[in-house]
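Here is how the chains run, residue by residue.
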Amino acid sequence: MAGSNSYTIVEYFGGDDGYRCGYCKSEKGNFSHGMWSHSMTVQDYQDLIDRGWRRSGKYVYKPILKKTCCPQYTIRCHALKFQPSKSHKKILKKMNKFISNGELPTAQEDGESMDSVCEEAGPREPSKVCQSDVKLAAISDVKQEVPNCPAPAEVQKKSVDSTAASSENSQKDSASVSDAGTAAKAPKPGLGADPSRPPCRKAKDLRKERRLQKDQIRQHGAGVLPAKPAHTNQAKTLEEFMSESLDDSSSHRLEVRLVRSNPPSPQFKASFDASYQVYKLYQMAIHKDPPEKPSESQFRRFLCDSPLEAEYSPDGPEMGYGSFHQQYWLDGRIVAVGVIDILPACVSSVYLYYHPDFTSLSLGSYSALREIAFTRQLQKQATNLCYYYLGFYIHSCPKMRYKGQYRPADLLCPETYAWVSIERCVPLLDSSRYARLNQDPNAGDARAVEDVGRALVLHRRTVMPYAVYSRKRKGPSDEAEVQQYAGLVGQNCAERILLYRS
């Protein structure tokens, strides 16, 4: 069992070989740097995804944007400022109507599932690490070559509770965002509005007003004072839309349960088979996988295994940080599962799969809206946790542009690692697949590697700076590889993460 301190331990793979792209189907056009993570702290992963990395199971990869066929830009949504768009409201109303009346739409409408394409980013298994080295390195009495090796950032830990599951139905009490005013459209050229005529109004509002006037006339005739007209133009919050279907008389009951996937909670284990069957049906129906491909072992590696350890903090969320499955239970059975990571600054969406019978409910977009609301709920407990990461935004792949609809949103500049609003990025990406999104010519990488000698390595169960290791190393120099790795993770992470050296 790990002690109170824990290190992130990785094995770096480089990125010279091309692999099949899950988006454009190019056989060798997908290029990325990759590393196998045997264990990882949530703070290290937060810092890595803020440098363009992303995990698939325990494999962590960073697309080579200048080289890959479909450049993938990290995207995040400002959850606290999010206001549902017209299309989002349509999806929420469709779900509410289904829950209330039992009417399942017959045609699929707008909405892609979160990262519905399984990225084929490269090697998925460790090739060099001695497992005994890894296990010993994870405990608190790991040897250190020099006394000044920095300790990993401490996050108070507790043993994992057996009650990791929680219901998301309390989202109706989540923080509300300020009302968004309706954007005014630019007037058409001409003489302008006729000041002698009343302003145009929506037919729906006019009908409501006429009904109200009739009711008032009837009430006034019966000696009842007319009521003041109700305000109908106030924008509803995301949480208000979701709470509309919470009625005891509804035809269906939808419950969202959060279960910890690593280490697996009792609730996760109890629902594993049902969850896997939904995944298998999804892969076969939506992605046309042959029945043998979505195996149980593949499901475990891809969506259940995680390098993130369960971590708890007094000022963090009640369920702690780490990897979870957010299960959507409809009338007592699982119909969809959102795989998420809860990190110090965000909720990160990993994957979403659902039962094919409910494709018409746009569950990909619906789950994203639920996860945004969930982020807002967590922010009440952890003030720094205020972003929702949607994975990668792929402008060159039209069907993946939907992620840019969750606004306000930022894309990560691949050169300076600064966040840039998506409105400023789209014109650049319209003209070129790859773009330096930060237009400040003087801006650079604030965490660029300065001294590779200070990067930590794990060698023969001992933690040491690379400068010490390189003096002991026999054989050809590996400095170029370590320099590349340190440049990709940044100086801060390089000084905390243990890079395995055989």
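Scroll up to find the structure this text is about.
Please read all numbers here as calculations on a predicted model, not as lab measurements. (Residues numbered from 1 in each chain as written. Predicted model: local features only at pLDDT ≥ 70, side-chain atom pairs only at ≥ 80, totals over all residues. Heavy atoms only, no water.)

A.B. asks: Describe the pattern of salt bridges, naming the residues involved and giving the relevant values.
C.D. replies: Scanning the model with the defined rule gives 18 salt bridges in all. The residue Lys97 makes a salt bridge to Glu103 at a minimum N-O spacing of 3.5 Å. Residues Glu239 and Arg376 are paired through a salt bridge, measuring 2.9 Å at the closest nitrogen-oxygen approach. You can see Glu239 sitting in helix 5 (residues 238-243) and its partner Arg376 sitting in helix 9 (residues 363-379), a full 137 residues away along the chain. Each of Asp44, Asp47, Arg447 and Arg496 takes part in one network of salt bridges that share partners. (Salt bridge = Lys/Arg side-chain N within 4 Å of Asp/Glu carboxyl O. Helix = DSSP H or I, 4+ residues; strand = E, 2+ residues; numbered from the N terminus.)

A.B. asks: Tell me about unusual backbone geometry, and name the residues and values.
C.D. replies: Of note, the bond from Asn262 into Pro263 is cis; its omega dihedral lies within 30 degrees of zero at -10°. Its location among the elements puts Pro263 in the loop between strand 8 (254-262) and helix 6 (266-270). Omega for the bond connecting Arg407 with Pro408 falls within 30 degrees of zero, at 5°, which places this linkage in the cis form. Note on placement: Pro408 falls in the loop between strand 12 (387-393) and strand 13 (409-412). Non-glycine residue Lys288 carries a positive phi angle of around 60°. With respect to the element layout, Lys288 can be found in the loop between helix 7 (272-286) and helix 8 (296-304).

A.B. asks: Quick one: what's the story with the nonpolar core, residue by residue and with numbers?
C.D. replies: Core analysis: the biggest nonpolar cluster contains 113 residues, and Ile342 and Tyr353 have the highest contact counts within it. Top contributing element to this core by residue count: helix 9, with eight residues. Setting aside residues no more than four positions away along its own chain, Ile342 makes contact with Val42, Leu258, Pro317, Met319, Gly320, Tyr321, Gly322, Phe324, Phe374, Leu378 and Leu385. Residues Tyr7, Leu456, Val463 and Leu498 belong to the second largest nonpolar core, which totals seven residues. (Core = buried A, V, L, I, M, F, W, Y, C linked by side-chain atoms within 4.5 Å. Buried < 20%, exposed > 50% of the residue type's maximum accessible area, 1.4 Å probe, protein only. Contact = heavy atoms within 4.5 Å.)

A.B. asks: How would you summarise the sheet that holds strand 15 (residues 456-459) if you had to cite specific residues and measurements?
C.D. replies: Reading across the sheet, the eight strands line up as 3-4-2-1-17-15-16-6 and stay open at both edges, with mixed pairing between neighbours. Among the strands making up the open sheet, the edge pair consists of strand 3 (54-56) and strand 6 (143-144). For strand 2 (residues 32-39) and strand 4 (residues 59-63), the ladder comprises five bridges, and the chain directions are antiparallel. Pairing of Gly34 across the sheet is with Tyr61, part of strand 4. Along the sheet, helix 12 (residues 479-489) makes contact with strand 1 (9-14), strand 2, strand 4 and strand 17 (498-500), crossing strand 1 at roughly 110°. (Pairing = 2+ DSSP bridges. Axes fitted to C-alpha atoms, helices over the stretch in contact; angles between N-to-C directions.)

A.B. asks: Break down the side chain of His395 for me, citing the residues and quoting the values.
C.D. replies: Considering the arrangement of structural elements, one finds His395 in the loop between strand 12 and strand 13. According to the relative accessible area criterion, His395 is buried, its value standing at 6%. Leave out the neighbours within four places in its chain, and His395 touches Arg401, Val426, Leu429 and Asp430.

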